[in-house]
Amino acid sequence: MGLLTLFVTSSMPVLKVLLVTAVGSLLALDYVNILTEDARKHINTIVFYVLNPALIIGNLAKTITYDSMVQLWFMPVNVFLTFLIGSLLGWLVNLITRPPPHLRGLVIGCCAAGNLGNILIIIVPAVCKEKGSPFGDPSVCSTYGMAYASLSMAMGAIFLWGYVYNIVRISVEASSVDVNGSSASEHTSETTAVKPESMTEPLLSPEKYNTSQDSDDSLPCTRFDETKQLGFTDKLKQNAVKISRKLNVKRLFAPSTNGAIVGFLVGLVPMLRNSMIGDEAPLRVIEDSTMMMGDAAVPVLTLIIGANLLKGLRASGVQKSMILGIIFVRYIALPIIGTLVVRTAVKFNLVHADPLYQFVLLLQFAVPPAMNMGTITQLFGKGETECSVIMLWTYVCATISLTLWCTFFMWLVA
């Protein structure tokens, strides 16, 4: 299959995404005023809690079996490698560009966390439906492609909220401690300079309160040398609570992650699968209703992405070298390294010989940053403007980058 045919095939899904994204941006303009900020928040909530989980449950339940589980074991490893390699490259970007302390976690997060769910869910089925697609029957390709993309979304959510969330939290807290610590030290030095003798007088005067051991009417001295010792189980509970607060377990089990768990259960448990999946299943209406809600996720997600990117046009004053560094990592360095990783895994038979599966694994290294990075910055109230500008320029560049890398990846696996 010629490169020109593959280029046209890969460009069509990106153009579709670009057009729908442009509609979302248009609806968010002030003089149109349909996708307002409040409207986007409410729609985002519906997508986050309803549509995305329904999409994941429906696709995983139909395609996941014990045999496919054995074949898909490398995908969680691949997602982990994208986060690990991206974090190392993001650390290098911080060393070179030297952004403000509260933005260092954002830079690492944008380099590490790719849009492993929404973009794949939009692009992979669209590639399957094109005439020049090298992945065979469009219906079979779309079914399995959506399953791969759904699993990718679930894995990405786990690493995003379990790892990147805490990287940004540590960065923001460290910058806050530096600011508060410096101001506190200045305040202390001023206080001690005014009245250095104010701390020399004891709280209890030995002359007023007779505490001598030689006096008969002295008050008994009570000492608290020994503290109450906690048992092993109590210490374990305390440590578990501390860890859960630090890791934000509630965010770790996002609705998309819970949807993946339900999808795995339905697909792997024979009684549930036989009762819900298939044309003759007695409870097939549940699966059909779930798929109907999930089908709404793709167009709504694309509109919201376009509306959210509009915020980046209204922001300014962001360090250009930082944005260029993130673009270089996400669209040049990571795809090259990812190609070497996946081809090495194929060479050693760690990945089965499904071209579509290999294409999804390769594409995980070439996607733009996760849109949930904006949600994370909103939670901490730091870096929201910078994040919107980063999202704008990385997604603008993604229209060209994704087309070129999709063409190369399809040629590589065809």
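Time to look at unusual backbone geometry. Working note: non-glycine residues mostly have negative phi, and peptide bonds are mostly trans. A positive phi angle, close to 50°, is found at Arg98, a residue other than glycine. Its location among the elements puts Arg98 in the loop between α4 (74-97) and α5 (104-112). With phi around 60°, Asn349 is a residue other than glycine that occupies positive phi space. On the secondary structure map, Asn349 appears in the loop between α14 (320-347) and α15 (355-363). Of the residues examined, Asn349 reaches a relative accessible area of 68% and is grouped as exposed.

Along its 27 residues, helix α2 (residues 37-63) runs 37 Å from first to last C-alpha, staying within 8% of the 39 Å computed at 1.5 Å per residue. By the largest-angle criterion, Val47 marks the main kink of α2, which is about 40°.

Quick look at the environment of Thr63 now. Tracing the backbone shows Thr63 in helix α2. In the structure, Thr63 is positioned 214 residues away from Ile277 in sequence and 9.8 Å away in space, judged by C-alpha atoms. In contact with Thr63, other than residues within four places in its own chain, are Ser68, Thr143 and Ala147.

The subject of this paragraph is the side chain of Ser171. Here Ser171 shows up in helix α7 (residues 138-194). Of the polar contacts made by the side chain of Ser171, one reaches the backbone oxygen of Pro101; its length is 2.8 Å. Contact partners of Ser171, with chain neighbours within four places excluded, come to Pro101, His102, Leu103, Arg104 and Gly105.

Moving on to the packing of aromatic side chains. Under the criterion given, the structure shown has 11 aromatic pairs. Relative to Phe74, the ring of Trp73 has its centre 5.7 Å away and its plane inclined at 90°; by these criteria the two rings are edge-to-face. On the basis of relative accessible area, Phe74 is assigned to the buried category, the value being 5%. Between Tyr148 and Tyr357, the ring centres sit 5.2 Å apart and the planes meet at 55°, which makes this aromatic pair tilted. One end of the pair, Tyr148, is in helix α7; the other, Tyr357, is in helix α15, with 209 residues separating them in the sequence. This pair shows no difference in class: Tyr148 is buried, exactly as Tyr357 is. The structure contains a cluster of three or more aromatic residues connected by ring pairs, namely Trp405, Phe408, Phe409 and Trp411.

When pLDDT drops low, the exact placement of atoms in the prediction is not to be read closely. On average, residues of the chain score 80 in pLDDT, and 82% of them reach the 70 mark or higher. Taken together, the stretch residues 193-199 has pLDDT below 50 and engages in 0 contacts with residues farther than four places along the chain or on a different chain. Contacts of residues 211-215 to residues separated by more than four positions or lying in other chains number 2 contacts, the stretch itself having pLDDT below 50.

What counts and what doesn't
- Residues numbered from 1 in each chain as written.
- Predicted model: local features only at pLDDT ≥ 70, side-chain atom pairs only at ≥ 80, totals over all residues.
- Heavy atoms only, no water.
- Helix = DSSP H or I, 4+ residues; strand = E, 2+ residues; numbered from the N terminus.
- Buried < 20%, exposed > 50% of the residue type's maximum accessible area, 1.4 Å probe, protein only.
- Expected span 1.5 Å × (residues − 1).
- Bend = angle between axes of the 7 residues up to and from the residue.
- Contact = heavy atoms within 4.5 Å.
- Polar contact = N/O pair within 3.5 Å; in protein donor to acceptor, adjacent residues only side chain to side chain.
- Phe/Tyr/Trp six-rings, centres within 6.5 Å; stacked < 30°, edge-to-face > 60°.
- pLDDT = per-residue confidence, 0-100.

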